[in-house]
Amino acid sequence: MKKLLSFLIVLVFSTVSMAYNLQGSAKGYPKPAIEVENLVNEEGKPTKLSDFKGKVVILYFGFTNCQHVCPTVSASLKRISDALVEKGLKDKFQIVFITVDPKRDTPEVLKEYKKSHEFDTFTFLTGKEEDLKKVWKAYGIEVKEKEMEMKHGDHVMKHKMISHTPVITFIIDKNGKIVEDYKGIYLPEDKIIQDIEYLIKK
Ligand SMILES: [Cu+2]
């Protein structure tokens, strides 16, 4: 009887854990997250993705001067982070932002950005353009710089605009494998929180 009971318990638990499906796009995953080389964080410290092994990593790309897209994604990730911290999971995950604008996003700029937005659970990576280009390419991010003319009253100002597409947030498990991604600006926050909780406890 005892044996049967423990068998049933194991069966129930394994069924429960098997029943969970990640809710992002799993197309082509899992696959190893390609390592980033020669990048530094907002403190100027050399940083690699493998430094975060053992944690679930949320990886995305952007630049601090972005007017609409990046701030929307960052705000969403901040809310996700707050929810996970609330659940006592602060040390179990890491949000990693990689810049697409190395000319302006120096470690000093990134440090100030992190501080002023209270992005405590984020790390911001930058580096030389040639090194970043390899990273963008590896993650399928196309970065284009174009000059736009904008009218301010009666004078025209030239602005450097950067487009980076697709907008994509990668979820990397504790073993350094990309297991899913979420595309677009508006992230389904509750789903991502559930997925990350699952990946942390897995
Ligand atoms: Cu952006």
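As recorded in an unreviewed UniProt entry, the protein chain goes by the name Electron transport protein SCO1/SenC, listed as coming from Sulfurihydrogenibium azorense. Here the protein chain is described in UniProt, under the heading Sequence similarities (unreviewed entry), as follows: "Belongs to the SCO1/2 family."

Turning our eyes to something else, we now look at the overall build of the protein chain. Assigned secondary structure in the protein chain consists of five helices and eight strands. The N-to-C order of helical and strand elements in the protein chain reads α-β-β-α-β-α-β-α-β-β-β-β-α. Over its C-alpha atoms, taken along the principal directions, the protein chain stretches across nearly 85 × 35 × 30 Å. Burial statistics for the protein chain: of 202 residues in total, 30% are counted as buried.

On to the packing of helix α2 (residues 69–86) against helix α5 (residues 189–201), then. Between two packed helices, the angle of one axis relative to the other and the distance separating the axes together describe the packing. Packing of α2 against α5 brings their axes to within 10 Å, and their N-to-C directions diverge by 45°. Put simply, α2 runs oblique to α5. Judged by the twist between their axes, the crossing of α2 over α5 is right-handed. Contact residues: Ser 76, Arg 79, Ile 80, Ala 83 and Leu 84 in α2; Glu 189, Ile 192, Ile 193 and Ile 196 in α5.

Over its 13 residues, α5 extends 18 Å from the first C-alpha to the last, a length consistent with the 18 Å expected when each residue adds 1.5 Å. All buried positions along α5 are accounted for by Ile 192, Asp 195, Ile 196 and Leu 199. Buried residues of α5 fall within an arc of 95° about the axis and therefore sit on the same side. Every exposed residue of α5 that faces more than 90 degrees away from the buried side is listed here: Asp 190 and Lys 201. Contacts from the buried residues of α5 go to β2 (56–62), α2, β3 (93–99), β7 (168–172) and β8 (177–183).

Our focus in this paragraph is the UniProt feature "binding site: Cu cation" (unreviewed entry) in the protein chain. What UniProt calls "binding site: Cu cation" (unreviewed entry) maps, in this numbering, to Cys 66, Cys 70 and His 159. Within the fold, Cys 66 resides in the loop between β2 and α2. Among the secondary structure elements, His 159 is positioned in strand β6 (residues 155–165). What makes His 159 exposed here is the crowd of 11 C-beta atoms within 10 Å. Excluding its chain neighbours within four sequence positions, the residues that come into contact with His 159 are Met 148 and Met 150.

Turning our eyes to something else, we now look at the nonpolar core. Note on soluble globular proteins: their nonpolar side chains tend to be buried together. Val 57, Ile 58, Val 96, Phe 97 and Ile 172 are the most contacted members of the largest nonpolar core, which totals 39 residues. Contributions of two or more residues to this core are made by β2, α2, β3, β4 (122–125), α4 (129–138), β7, β8 and α5. When residues in this core are grouped by element, the largest group, six residues, is from β2. Ignoring any residue separated from it by four or fewer positions in sequence, one finds Phe 97 in contact with Tyr 60, Gly 62, Phe 122, Phe 124 and Leu 125.

It is worth spelling out the pairing of strand β5 (residues 142–152) at this point. In terms of residue burial, β5 counts as a barely covered element, since only zero of its eleven residues are buried. Here β5 pairs with β6 via eleven bridges, running antiparallel. Bridge pairing links Glu 147 to Lys 160 in β6. The turn linking β5 back onto β6 is made up of two residues, and Gly 153 within it adopts a positive phi angle of 65°.

About the thresholds
- Residues numbered from 1 in each chain as written.
- Predicted model: local features only at pLDDT ≥ 70, side-chain atom pairs only at ≥ 80, totals over all residues.
- UniProt positions renumbered as here; feature names shortened; annotations may be inferred.
- Helix = DSSP H or I, 4+ residues; strand = E, 2+ residues; numbered from the N terminus.
- Buried ≥ 20, exposed ≤ 12 C-beta atoms within 10 Å, placed from the backbone.
- Axes fitted to C-alpha atoms, helices over the stretch in contact; angles between N-to-C directions.
- Parallel < 35°, antiparallel > 145°, perpendicular 65-115°, else oblique.
- Left-handed = near helix turned anticlockwise from the far one by under 90°.
- Contact = placed C-beta atoms within 7 Å.
- Expected span 1.5 Å × (residues − 1).
- Arc of directions from axis to C-beta.
- Core = buried A, V, L, I, M, F, W, Y, C linked by C-beta atoms within 7 Å.
- Pairing = 2+ DSSP bridges.

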